[in-house]
Amino acid sequence: MLKDIIELDKKYYMNTFGDRLPVCFERGKGLKLYADNGDVYYDFLGGIAVNALGHSHPDFIDALKKQLDKLIHTSSLYYIENQAKLAQKLVENTCADKAFFCNSGAEANEAAFKLAKIYFYKKGEDRYEIISLDHSFHGRTLATVAATGQKHYQDPYRPLTPGFKQVAPNSFDALKSAVTDKTAAIMIELVQGESGVHPMDKEYAEKVRELCNEKGILLIVDEVQTGMGRLGKLFAHQLYGIEPDIFTCAKALGGGVPIGAMCAKADVASAFEPGDHGTTFGGNPLATAAGLAVFDIYEKENLVENSAEVGKYLKDKLLKTAEKYPEKIVEIRSMGLLIGIELKPEFAGPVFNRLFERKILTSLCKGVTIRIAPPLIITKEEADIFVNELDGVLAEL
Ligand SMILES: *Cc1c(COP(=O)(O)O)cnc(C)c1O
């Protein structure tokens, strides 16, 4: 019973998540999630951009079961076939030459910071500064909090890890004037997800790349949320037409099994030599079997193309909704299946709550933007469910 679960949670689990939404899911199938009381929800948030294959995808479950019967974990002391093969997938489908696996987005970003720093250390250059953007989100570890340009995530943990600073997003001048001869890397999200789906301009991204080339600075793109087909290309940097020196990825990579990856160009990657970095769990046989199955299913079902197609379909429909409710909707910001619907502040909370009452799962960013990041298996018919329910809610408010 939900009531008992809440009681247990309140008694034993640390209060980092406060009052959660009053539901506990027991199983899922595709976009549907089934609560323990039999209620059926539509998951348009996809576990925050994680469940790209939806829930209980049969081929995915098969692949995991096969791996479970064979081996879960060995150690990085030994060769791991799935790990090598998943690294190959990431490299063959991107501009990167090497990959490293870990267990989360924050950990992938930590690995990126370490690689950037050791790269200059081994070149004998005194560069250690990392510039990132205001309103960004890079994770919850100490270094990723120092890179996350949001005061409320940083303030309780001061003094922050030194060497990090943030500048206004999408402002090339701000970035350029923050660069010093100590700057090692610039880390950006091409679309800021957590703050409510804020895309960078293409021209800005191109100029950042040029600036990095000019000054010998490494460009790190955080693709933890935008990666794995979310925006309608496998990675956001491919959509923007720029090549990062390092990019990170996690959320959708394991289809729900925890895994992160840090990928880099050969000359940068070679700065990591034996002993310079490591992990116990990262890229273990089970996690990398999950990643391989994700790639397999993406290819078989053309899920990246589907993300672009249904994403465009949803955008067109939502733009019409915005025209219909100009006094309630401020703006639609979307690329592929990462979609933000910014509302007038007085409507945002109520819209989010009423969608939930109608069994539609979304997230509310900064109190004003409804964000959805549905599974990449979503059909146009399922997309219509969201559009219709949103319309229903807006009509009654
Ligand atoms: C979610 C997210 C992270 C952190 O990932 P965790 O797996 O929670 O550590 C980092 N960067 C971006 C852009 C994210 O969306």
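From a predicted model like this one, the values you see are computed outputs, not experimental measurements.

J.: So what's going on with the nonpolar core? Which residues, and what values?
T.: Membership of the largest hydrophobic core comes to 89 residues, with the highest contact counts inside it found for Ile-186, Met-228, Tyr-298, Ile-341 and Phe-386. A per-element tally of this core places helix 12 (residues 285-301) first, with nine residues. Setting aside residues no more than four positions away along its own chain, Met-228 makes contact with Leu-234, Phe-235, Cys-249, Ala-252, Leu-253, Val-294, Phe-295, Tyr-298 and Leu-376. Residues Leu-218, Met-262, Val-268 and Ala-269 belong to the second largest nonpolar core, which totals 27 residues.

J.: Tell me about the site of the ligand, and name the residues and values.
T.: Every residue lining the ligand is accounted for by Ser-104, Gly-105, Ala-106, Asn-109, Phe-137, His-138, Gly-139, Glu-189, Asp-222, Val-224, Gln-225 and Lys-251. Here an oxygen atom of the ligand sits 2.8 Å away from a polar atom, N or O, in the main chain of Gly-105. At 2.8 Å, a backbone N or O of Ala-106 approaches an oxygen atom of the ligand. Its free accessible area being 380 Å², the ligand has 81% of it covered by the protein chains. Examining the composition of the shell around the ligand, we find that three residues originate from one element, helix 5 (residues 105-123), more than from any other. Residue classes in the shell around the ligand are distributed as three nonpolar, six polar and three charged.

J.: Could you give an account of the packing of aromatic side chains, naming the residues involved and the relevant values?
T.: Following the criterion strictly, the structure yields nine aromatic pairs and no others. When the centroid spacing of 5.5 Å and the interplanar angle of 65 degrees are considered together, the rings of Phe-137 and Tyr-153 count as edge-to-face. Taken together, the residues Phe-137 in the loop between strand 5 (129-133) and helix 6 (142-147) and Tyr-153 in helix 7 (residues 151-154) connect sequence positions 16 residues apart. Classification of Tyr-153 as buried rests on a relative accessible area of 13%. Considering the side-chain rings of Phe-235 and Phe-247, the 4.8 Å spacing of their centres and the 50 degrees angle between planes classify their relative orientation as tilted. Taken as a pair, Phe-235 in the loop between strand 10 (218-222) and helix 10 (236-240) and Phe-247 in strand 11 (residues 246-249) lie far apart in primary sequence, twelve residues in all. Overall, the relative accessible area of 1% leaves Phe-247 in the buried class. One aromatic cluster is present, built from ring pairs that chain together Phe-25, Tyr-41 and Phe-356. Cation over ring: Arg-20 sits above Tyr-13, and NZ or CZ is 5.2 Å from the ring centre.

Basis of the calculations
- Residues numbered from 1 in each chain as written.
- Predicted model: local features only at pLDDT ≥ 70, side-chain atom pairs only at ≥ 80, totals over all residues.
- Heavy atoms only, no water.
- Core = buried A, V, L, I, M, F, W, Y, C linked by side-chain atoms within 4.5 Å.
- Buried < 20%, exposed > 50% of the residue type's maximum accessible area, 1.4 Å probe, protein only.
- Helix = DSSP H or I, 4+ residues; strand = E, 2+ residues; numbered from the N terminus.
- Contact = heavy atoms within 4.5 Å.
- Near = heavy atom within 4 Å.
- Polar contact = N/O pair within 3.5 Å; in protein donor to acceptor, adjacent residues only side chain to side chain.
- Areas by Shrake-Rupley, 256 points an atom, 1.4 Å probe, with all protein chains shown as cover.
- Nonpolar A, V, L, I, M, F, W, Y, C, P; charged D, E, K, R; others polar.
- Phe/Tyr/Trp six-rings, centres within 6.5 Å; stacked < 30°, edge-to-face > 60°.
- Lys NZ or Arg CZ within 6 Å of the ring centre and 35° of its normal.

Honestly, that's just the spatial picture; any functional story needs more than this.
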